[in-house]
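Here is what each chain is made of, one letter per residue.
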Amino acid sequence: MLQALLIILIASQISCHPLNTRFVLGATNATIEHIARCALRKNSTNIHLDRARCVLESYPLIDGHNDLAALYGIFANDSVYSVDLNSDMSFVWNHSYSRVDIPKLRMGLLGGQFWSCWVPCDAQYRDAVRMTLEQLDVIKRFINYYPGTFQFVDTSDDVLKSFHAGKIASMIGLEGGHSIDSSLGALRMYYELGVRYMTVTHSCNTPWADNWMVDEPTYNGTVLNGLTPFGKTVILEMNRLGMIVDLAHVAKKTMLDVLNVTRAPVLFTHSSVFSLCNHHRNVQDDVLLKTKANGGVVMVNFYTFFVTCSPNYKTEATLSDVAGMYCSDYHNIAPLK
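Keep in mind it's a predicted model, so treat the numbers as computed, not measured. All residue numbers here refer to positions counted from 1 along the written sequence of the relevant chain. For a predicted model such as this one, the threshold for reporting local features is a pLDDT of at least 70, and the threshold for listing and counting side-chain atom pairs is 80 or more; totals across whole chains, interfaces and linings nevertheless cover every residue. Each side-chain value is derived from all of the structure's non-hydrogen atoms; neither hydrogens nor water enter the calculation.

Caption draft 1: Spotlight on the overall build of the protein. Labels follow the DSSP assignment, with helices taken as runs of H or I lasting at least four residues and strands as runs of E lasting at least two, numbered in each case from the N terminus. Broken down by element type, the protein carries twelve helices and ten strands. Three exposure classes are used, based on accessible area relative to the maximum for each residue type with a 1.4 Å probe and protein chains only: buried under 20%, partly exposed in between, and exposed over 50%. Evaluated residue by residue, the protein yields a buried proportion of 51% over its 337 residues. By sequence separation, contacts in the protein at least 24 residues apart represent 63% of the contacts at least 6 residues apart. All accessibility values rest on the Shrake-Rupley procedure with a 1.4 Å probe; residue burial counts only the protein chains present in the view. Per element, the accessible surface of the protein, about 15200 Å² overall, is 54% carbon and sulfur. In this description, contact between two residues means that some pair of their heavy atoms is separated by no more than 4.5 Å.

Caption draft 2: Examining the packing of helix α10 (residues 252-261) against helix α11 (residues 285-294) more closely. Geometry is summarised by axes, namely lines fitted to C-alpha atoms with helices restricted to the contacting stretch, and by angles between N-to-C directions that run from 0 to 180 degrees. Two numbers describe how α10 lies on α11: the axes approach to 10 Å, and their chain directions differ by 25°. Here α10 lies roughly parallel to α11, going by the angle between them. Note on packing geometry: the crossing formed by α10 with α11 is left-handed. The residues of α11 that touch α10, namely those facing K252, M255, L256, L259 and N260, are D286, V287, K290, T291 and N294. Here the residues of the contact of α10 with α11 are counted per class, giving four nonpolar, three polar and three charged. For classification, angles of less than 35 degrees are called roughly parallel, those exceeding 145 degrees roughly antiparallel, those between 65 and 115 degrees roughly perpendicular, and all remaining angles oblique. Definitions for this section: a left-handed crossing has its near helix turned counterclockwise from the far helix by less than a right angle. A right-handed crossing has that turn clockwise. Gly is placed with the polar residues, together with every amino acid not listed as nonpolar (Ala, Val, Leu, Ile, Met, Phe, Trp, Tyr, Cys and Pro) or charged (Asp, Glu, Lys and Arg).

Caption draft 3: Layout of unusual backbone geometry. Along the chain, S310 connects to P311 via a cis peptide bond; the corresponding omega equals 10°. Following the sequence through the fold, P311 ends up in the loop between β10 (297-298) and α12 (319-327). Residues other than glycine seldom take positive phi values, yet S182 does so here, at roughly 55°. Structurally, S182 is set in the loop between β6 (168-175) and α8 (184-192). Not every positive phi belongs to a glycine, and N225 is a case in point at roughly 65°. By secondary structure assignment, the location of N225 is in the loop between β7 (195-199) and α9 (229-241).

Caption draft 4: Here's a closer look at the environment of G176. Mapped onto the fold, G176 is located in the loop between β6 and α8. On the accessibility criterion, G176 (0% relative accessible area) is buried. Remark: the alpha-carbon pair of G176 and P120, spanning 56 residues in sequence, is separated by 8.9 Å. G176 has contacts with M198, T199, V200, T201 and H202, leaving out every residue within four places of it along the chain.

Caption draft 5: Summary view of the pattern of salt bridges. Counted as salt bridges are all cases of a side-chain nitrogen of Lys or Arg within 4 Å of a carboxyl oxygen of Asp or Glu. In this structure the tally under the stated criterion is 15 salt bridges. A salt bridge links E134 to R130; the shortest N-O distance between them is 2.8 Å. Linking E134 with R130, this pair stays in helix α6 (residues 128-145), spanning four residues, or about one helical turn. Residue R141 pairs with D137 through a salt bridge whose shortest N-O separation is 2.8 Å. Pair noted here: R141 and D137 are both in helix α6, with a separation of four residues, about one helical turn.

Caption draft 6: Highlighting the pairing of β6. Across the eight residues that make up β6, a large majority, eight, are buried. Covered by surrounding structure in β6 are I168, S170, I172 and L174 together with A169, M171, G173 and E175, the residues of both alternating faces. Where strand β4 (residues 112-117) and β6 come together, six bridges link them in parallel fashion. Within the sheet, the bridge partner assigned to F114 lies in β6 and is M171. Two strands qualify as a pair provided that DSSP identifies no fewer than 2 bridges between them. Alignment of strand β5 (residues 150-152) against β6, held across three bridges, turns out to be parallel. Note on β6: the bridge partner recorded for Q151 is A169. By the criterion used throughout, a crossover qualifies as right-handed when its path from the first strand across the helix to the second strand runs clockwise, the strands pointing away from the viewer. Handedness of the crossover joining β5 and β6 through helix α7 (residues 156-164) is recorded here as right-handed. Direction of pairing for β6 relative to β7: parallel, over a ladder of four bridges. Bridge pairing in β7 places I172 opposite V195. Read from β6 through α8 to β7, the crossover connection turns out right-handed.

Caption draft 7: Expanded view of the nonpolar core. As used here, the term nonpolar core means buried Ala, Val, Leu, Ile, Met, Phe, Trp, Tyr and Cys residues forming a set that is joined through side-chain atoms within 4.5 Å. Within the largest apolar cluster, 64 residues are counted, with the highest numbers of intra-cluster contacts made by Y72, F142 and F150. Beyond its immediate chain neighbours, meaning those up to four positions away, Y72 contacts N77, D78, S79, V80, V83, L85, W93, V138 and F142.

In short, shape yes, function no, at least from these values alone.
Below, the structure written as structure tokens:
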């Protein structure tokens, strides 16, 4: 399973101990000893950067969510071959969201990337499946267009092979259960096409699961009370296939229902800690405890509105704010392994 991959969260110049073993998920004793050796290097003018490089060159850091494929649609009409990802894309597309390009990925020593396959909620009940297939096509085309940089993978073994070959292991996450159009057959075919996680909802309900907006005080739409019986069937079928369940966009009751029914660890690809930022896209303490018991992972989120909202409001999150989500007292509630 891909969730068994080693994921290392680098923490330096922040309030918790750098590279504490609780930041290493699925690590062996040998891994922890190697990280300790990285942390002890003293012959650098920048010991924190030296330590981070040592770890990232030794073990693959996996990014769980990247919207580049959607940007191809917005800025290039899905024309992969008219875009040069070796350029600085912040200038090519001239937009604050267009910050992903090969030089930045290489500079960050990224080991693996889940490319997000997302279609708008208003495609639900209409052409969501077609639009999803078209975006899957875009993802596979830009992966294949840069064979020296990206390598399409769909197993954990191939992630490691890609990493050791000096490439960025490229995986696909389906962002929103509306893309299956309530069809288990469609779900299975997405798996055959390489999808290895699915976000149960985006910011809209499916006919079988509530999204996070249900928890908003001003919400006045349909409430399903978490997962329906068919929704539970979807989760179990994902378990059977080996597709990771992502809870990043779902309502709290949906989170709890999934954690009660799933037979495999879950993933929160882009959520933060609710007690530190009271946004309903974030994970509340009781859910964190259940996620810990499940063996699941809450990944690192860099989006300001999910990092520094009330009660710690700031207009722009810093790297220290992001690190604080993973080094703060909330580890007394649900420490990482």
